[in-house]
Each structure stands twice: as C-alpha cells, then as structure tokens.
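Residues per chain, in single letters:
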Amino acid sequence: MKRKLIAAIGIAGMMVSIAACGGSGDEGTDQGADVKELTVWLTVDAQNNWPELVKAADDAVKAEHPGIKINHEYYGWPDKNAKLDAVLATDKVPDVVEMGNTEMLSYMVKGAFAPLDTSKFDNSDQWLDGLKASVTYEDKTYGVPYYAGGRVGNWRTDVAEAAGIKTTPKTYEELTSDLDKIQAKEGDKFSAWYQPTRDWYAAMSFVYDAGGSIAVEEGGQWKANFSSPESLKGLDEFKTVIDKYMHGDKTKDESDRYIVYGQGNAGMIFGNAWEGATAEAPENDKTGKLKGNLASFVVPGPSGKNLPVFLGGSDLAVPVKSDAQTVAAEWINALTGAKGQKGLIAKGNLPNNKTDLATLKDDPATVVPATAAESNWFVPMAPGWGQVEKAQILQTMLQSIGTGKKSVKDAAKEADAAIDKVINTK
C-alpha cells in the first residue's frame, strides 16, 4: 500500500499556552465511568484500509463502558495539521489524534499532548527504538506507536542479470562491485543507483552507519555533530555513491523517485518499501519491463552491518485538554495492542514492536522489510528540531556536497553552524 507521511512538523501560529489550559499533566485526569463520549481523529488510511480494526477497538471500549458514544473524524495528511492547530486552541479537542511520527516533536514541546503511562500499553517495553523515540520527550511518553513503514533496497533483476549478476548483494563490497558492473554495462546516462542528492533520510543512514549522528545532547543542550570524524565518514561515503552511480539531476529530492525509477533509467533505489511496487504499476512503468523484474533486499552498510533505516509511521496521542484521557488510552491500546498489531500486519504494515517484527522474518513476503527495520534511527528529539527541518538545512548541505559546490567538510561545518542557532530554541 502506498502511504506518504507528510513530515512537516513546524506549527507556526499554533495555540498559545496549551499546557496552561490543560489539567495537571498526569495521565488519567478523567473518571472513566463518567465518560459518555469519545472523539477519535484518524487519517483516511484507517478509513480506507482497515475500518474493521477501528470497529474492533470501538467494540472493546464499548464493552468496558456500556453506553459510550465513539465519534470518528478522518482527514488527509495535507489537511490535518492546520485543522488540528485550530481545534487545539479551543476547548473542544479530540480525545485521540493520529500523528505522523516526525510531527510529534513540535506538539510535545508545546505541551499539546498529555503524558501517558506506558505500562497500560501492550508490548511497550518492546517498541521499536525509532518509534519509541518519536513519542518521548524529556523522559516522558506522549504517544503510542501505531504502525511503521521501513526502507529497503530495490533493484531490477533484468538489468543485474545483463551485467552478469544473479543474486542480490549481501555485503557492501558486493553491492558496490555489482553497481560498478551495472554502471559499466549501461553507460553514463544510466544511474546504477538512483539516489536523490537531497534525500536526507538515505544520507543519514550512512552517517549513523558510520557511528555519527545529526546532533548530540550534552548537559541538556543539543549540539550539531556533522563535523565529527564519524559523521564526516558517513557523508563521504554518501558522496561516493552520488558521484559514482547517480547520473540524474543532483538537485532533486526523493518525492518523485518511484516515477523516475519507472522511467527505466535506473538500476536500483533505496527508499520506502512501497516504492518498487508503485514504480511497476502500469501508470508509472514507462518501459513495460519492471513487472516481475524487481527485487527488494536489505541494503548492507559500509560498517559490515545492515544500513540503519529511518522508520516512518504513525503515532496516536491524547490532547492535554481532553477530559477523557483514561478512556482515550484504553481505545489506543485496543487499536495498537497485541490483537490490533496482528490486524495491522495483515494489512501490510510493520508492527510497532520487536516481538511481532521478529515473527515477520519467517515469512518470505515480509522478511526483507522486517529485517531492514531492525536497525533504525530517528531524528534528534531536540526542542528546535522542527526549525531545522523547516529551514531544510540538511537538504541544503547534501545538495552542496552532491553538486560539488562545497567540500564535505565545509558543507558539514556550515550545516552545524546553522543547526546550532536553532536546535535548542522552543
């Protein structure tokens, strides 16, 4: 299933002093038995793809709270934040709201969501690291991971076979050797690896694989870390990939990668697990050759381990002004708990926890995305991270590196300075 999560986490013009309007900040400020109505906001993904799972969560809560009325509102990702910001400024807030996991931070910083007791949620001690990070701020938990989507490698087996390659690579040395053969066979107008330069999700996978990071926290303050030896090593390797295998427009981001892949001028991509299937759809496959000739694989990293991936996905949160926080938490657990995760997995999602993820490695249909998701990273949970994203500091750095406008060291130094100006600002 194709699902794009909009990662715009800036919330300019958001409500003033949300936290001051809420309760004490402790989860469960309502009396569950007195709650007569619950309002749940979800995206159209749930409405279109797993309405029966939503109904099962409703039924579980209704069984515990006879007579309760549960209202649902569904929204598209592009519309959600403006609508949410407006309603959070009032006293008529939803009790449960779905958030993209990269959207959570700015709302947690502003005090928009109530802290939750993790002991009330199934498998909370096994939440995937990247997903757990997305709902955690200053040692408190403000949401529950709902489902995840990972990133994998995908390449054309027909192109690989034409270059004498029979299997997908298992090591980074095999990967680069195979890509060298494909590049030599197809020529300079072909991208053996179509890797958009501004795709910071992929670039940061190399940074974290090398032991680097975007930023580090010391003494309660965050400091940019691209100039560290480890981060520079990762950026150097990303530049090598761009220089050797990416022969497309080096000022592009990843938004239309699946479309470019479908045009037939690339042998491999590293992106969301759905991108390969979307590229081979009739409306996108301009060659007529992709169907049956694509293979997904776990991308090996230069470190000798699997390349760590960014986990996209959704979280569920309870607005701090909700007067039904206890029942809201019960509803969230009904949807995201043990039974709900089985249903979400059956719909093609990755689960929110390591226990269920391990079971997917036994199925040939899910072993690749499940294995890739085991090694994952997430953005710095710093108060000013939203401003870093809004300013596109990472994309600017990567474009400067990929186009050769600046050296890796100079671009990293400039990015660090720009990040340090805003990353600690609420």
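Above this note sits the structure.
Draft legend 1. Main features of the sheet that holds strand S10 (residues 268–272). Across the sheet, three strands lie side by side as S10-S7-S11; this open sheet has antiparallel pairing. Each having just a single partner strand, S10 and strand S11 (294–297) make up the two edges of the open sheet. With strand direction ignored, the average angle separating the axes of adjacent strands in the sheet is 30°. Where strand S7 (residues 151–156) and S11 come together, four bridges link them in antiparallel fashion. When the bridges of S11 are listed, Gly 153 appears paired with Phe 297. Packing against the sheet, helix H16 (residues 367–374) makes contact with S7 and S11, and its axis sits at approximately 135° to S7.

Draft legend 2. How the structure looks around the pattern of salt bridges. With the rule as written, the count across this model stands at 15 salt bridges. With a closest N to O distance of 2.9 Å, Lys 347 and Glu 52 form a salt bridge. Highlighted residues: Lys 347 in the loop between helix H14 (338–346) and helix H15 (354–360) and Glu 52 in helix H3 (residues 51–64), separated in sequence by 295 residues. In this structure, Arg 156 and Asp 158 form a salt bridge, with 2.9 Å as the shortest nitrogen-oxygen distance. We classify Asp 158 as partly exposed; its relative accessible area is 21%. Each of the salt bridges in this network shares a partner with another, and the network as a whole consists of Asp 199, Arg 257 and Glu 275.

Draft legend 3. Local environment of the nonpolar core. If you look at the biggest cluster of nonpolar residues, it comprises 126 residues, and the most contacted ones within it are Phe 113, Met 204, Phe 226, Leu 235 and Trp 331. Counting residues per element, this core draws most heavily on helix H9 (residues 200–209), which supplies seven residues. Ignoring any residue separated from it by four or fewer positions in sequence, one finds Trp 331 in contact with Leu 38, Val 40, Leu 42, Val 54, Ala 57, Asp 58, Val 61, Ile 70, His 72, Val 96 and Leu 316.

Draft legend 4. Structural view of the packing of H9 against helix H10 (residues 229–245). Orientation of H9 relative to H10, taken along the N-to-C sense of each, is 130°, at an axis distance of 7 Å. With respect to each other, H9 and H10 are oriented oblique. Relative to H10, H9 is oriented so that their crossing is right-handed. Along the contact surface, H9 presents Ala 202, Ala 203, Met 204, Phe 206 and Val 207, while H10 presents Glu 230, Ser 231, Gly 234, Leu 235, Glu 237, Phe 238 and Val 241. Split by residue class, the contact of H9 with H10 holds eight nonpolar, two polar and two charged.

Draft legend 5. Structural view of the pairing of S7. Counting buried residues along S7, six of its six residues qualify, which places the element largely inside the surrounding structure. Across the two faces of S7 the burial is the same, with Arg 151, Gly 153 and Trp 155 and Val 152, Asn 154 and Arg 156 all buried. Direction of pairing for S7 relative to S10: antiparallel, over a ladder of five bridges. Its bridge partner being in S10, Val 152 is matched across the sheet by Gly 271.

Draft legend 6. The sheet that holds strand S3 (residues 96–100), seen in detail. If you trace the five strands from one edge of the open sheet to the other, you get S2-S1-S3-S13-S6, paired in mixed fashion. Each having just a single partner strand, strand S2 (69–75) and strand S6 (144–149) make up the two edges of the open sheet. Taken over all neighbouring pairs, the strand axes of this sheet differ in orientation by 20° on average, direction set aside. Each of strand S1 (37–43) and S2 touches H3; the most contacted strand, S2, lies at about 155° to it.

Draft legend 7. Structural detail: the packing of helix H13 (residues 325–336) against H14. Direction vectors running N to C along H13 and H14 enclose 45°, while the axes themselves pass 4 Å from each other. Classified by the interaxial angle, the pair formed by H13 and H14 is oblique. Residues Ala 334, Leu 335 and Thr 336 of H13 form the contact with H14, whose participating residues are Ala 338, Gly 340, Gln 341 and Leu 344. Residues belonging to the contact of H13 with H14 are distributed by class as follows: four nonpolar, three polar and no charged.

Draft legend 8. Spotlight on H10. With 17 residues, H10 extends 24 Å between its outermost C-alpha atoms, agreeing within 8% with the 24 Å of an ideal straight helix rising 1.5 Å per residue. Among all positions in H10, only Ser 231, Leu 232, Gly 234, Leu 235, Phe 238, Val 241, Ile 242 and Tyr 245 are buried.

Draft legend 9. Geometry of helix H18 (residues 393–403). In terms of burial, H18 is a largely internal element, eight of the eleven residues being buried. The inward-facing, buried residues of H18 contact H9, H10, helix H17 (385–390) and helix H19 (408–422). In the stretch just after H18, Gly 404 is the one whose phi turns positive, near 80°.

Draft legend 10. Quick look at the environment of Gly 276. As for its placement among the helices and strands, Gly 276 is situated in helix H12 (residues 275–279). Residue Gly 276 is classed as buried on the basis of its relative accessible area, which comes to 3%. It is 8.9 Å that separates the C-alpha atoms of Gly 276 and Leu 290, two residues lying 14 residues apart in sequence. Discounting residues that sit within four places of it in the chain, Gly 276 has contacts with Asn 154 and Leu 294.

Draft legend 11. Representation of the environment of Pro 282 in the model. The topology assignment puts Pro 282 in the loop between H12 and S11. Through-space distance from the C-alpha of Pro 282 to that of Gly 262 is 9.2 Å; in sequence the pair is 20 residues apart.

Draft legend 12. Structural context of the side chain of Asp 315. Within the secondary structure, Asp 315 sits in strand S13 (residues 312–317). The buried charged residue Asp 315 lacks any salt bridge, with Lys 80 as its nearest oppositely charged partner at 9.7 Å. A distance of 2.8 Å separates the side chain of Asp 315 from the side chain of Ser 134, its partner in a polar contact. Not counting the four nearest positions on each side in its chain, Asp 315 is found in contact with Val 97, Glu 98, Met 99, Asn 101, Met 104, Ser 134, Val 135, Val 144, Pro 145 and Tyr 146.

Draft legend 13. Local environment of the environment of Gln 392. Mapping Gln 392 onto the fold places it in the loop between H17 and H18. Overall, Gln 392 belongs to the partly exposed group, its relative accessible area being 35%. Distance from Gln 392 to Trp 200, taken between C-alpha atoms, is 9.6 Å for residues 192 residues apart in sequence.

Conventions used here
Residues numbered from 1 in each chain as written. Predicted model: local features only at pLDDT ≥ 70, side-chain atom pairs only at ≥ 80, totals over all residues. Heavy atoms only, no water. Pairing = 2+ DSSP bridges. Helix = DSSP H or I, 4+ residues; strand = E, 2+ residues; numbered from the N terminus. Axes fitted to C-alpha atoms, helices over the stretch in contact; angles between N-to-C directions. Contact = heavy atoms within 4.5 Å. Salt bridge = Lys/Arg side-chain N within 4 Å of Asp/Glu carboxyl O. Buried < 20%, exposed > 50% of the residue type's maximum accessible area, 1.4 Å probe, protein only. Core = buried A, V, L, I, M, F, W, Y, C linked by side-chain atoms within 4.5 Å. Parallel < 35°, antiparallel > 145°, perpendicular 65-115°, else oblique. Left-handed = near helix turned anticlockwise from the far one by under 90°. Nonpolar A, V, L, I, M, F, W, Y, C, P; charged D, E, K, R; others polar. Expected span 1.5 Å × (residues − 1). Lys, Arg positive; Asp, Glu negative; His and termini not counted. Polar contact = N/O pair within 3.5 Å; in protein donor to acceptor, adjacent residues only side chain to side chain.

Scope: geometric values only; no functional claims are made or implied.
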